[in-house]
Amino acid sequence: STPPQLTVLTAFPNPASDMVHVQWDGAHPADAMWFDAQGRLAGTMRLQPGRTTLDVTELDAGAYMLRVQNGTAIRVVIQH
């Protein structure tokens, strides 16, 4: 049997100021959630396979975890 594929999630630029490009290697769209440094839900978005550009101007400056429903997560720093 083949091992499960780890789905790769990357974001750039990181730190981001107003836009962040998220590269999601999943085969299907996925719901993702922003969590702030205190673990509070700061927002949700839909990631499409490939690259999705997200507007992060509404997020306060700081470090966030962008977590996809399958558990894959990435740390993104927002600087305005």
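Residues numbered from 1 in each chain as written. Predicted model: local features only at pLDDT ≥ 70, side-chain atom pairs only at ≥ 80, totals over all residues. Heavy atoms only, no water.

Draft legend 1. Molecular detail of the sheet that holds strand 2 (residues 19–24). Spatial ordering of the open sheet is given by 1-2-5, a layout of three strands whose pairing is antiparallel. Taken across any chain shown, the strands that pair with only one partner, and hence form the sheet edges, are strand 1 (9–12) and strand 5 (50–55). The sheet shows a mean angle of 25 degrees between the axes of neighbouring strands, taken without regard to direction. Pairing of strand 1 with strand 2, which is carried by four bridges, proceeds in the antiparallel orientation. In the strand pairing of strand 2, T10 is matched with Q23. (Pairing = 2+ DSSP bridges. Helix = DSSP H or I, 4+ residues; strand = E, 2+ residues; numbered from the N terminus. Axes fitted to C-alpha atoms, helices over the stretch in contact; angles between N-to-C directions.)

Draft legend 2. Spatial organisation of the nonpolar core. Formed by 20 residues in total, the largest nonpolar core has its most connected members in V20, V22, W34 and L47. Among the secondary structure elements, those contributing two or more residues to this core are strand 1, strand 2, strand 3 (30–35), strand 4 (41–47), strand 6 (62–68) and strand 7 (73–78). Not counting the four nearest positions on each side in its chain, V22 is found in contact with L9, T10, A11, L47, G50, R51, T52, L54 and L66. (Core = buried A, V, L, I, M, F, W, Y, C linked by side-chain atoms within 4.5 Å. Buried < 20%, exposed > 50% of the residue type's maximum accessible area, 1.4 Å probe, protein only. Contact = heavy atoms within 4.5 Å.)

Draft legend 3. Expanded view of the sheet that holds strand 6. With respect to topology, four strands assemble into an open sheet ordered 4-3-6-7, the strand pairing being antiparallel. Looking at strand neighbours, the two that pair on one side only are strand 4 and strand 7, the edges of this open sheet. Averaged over neighbouring strand pairs, the angle between their axes works out to 25 degrees when direction is ignored. In terms of strand pairing, strand 3 meets strand 4 through six bridges, oriented antiparallel. Opposite D31, over in strand 4, you have R46 as the bridge partner.

Draft legend 4. Highlighting the packing of aromatic side chains. Applying the stated criterion across every chain yields a total of one aromatic pair. Arranged with centres 5.9 Å apart and planes meeting at 80 degrees, the rings of W34 and Y64 form a pair that is edge-to-face. Here the residue W34 occupies a position in strand 3, and Y64 occupies one in strand 6, the gap between them amounting to 30 residues. This pair shows no difference in class: W34 is buried, exactly as Y64 is. (Phe/Tyr/Trp six-rings, centres within 6.5 Å; stacked < 30°, edge-to-face > 60°.)

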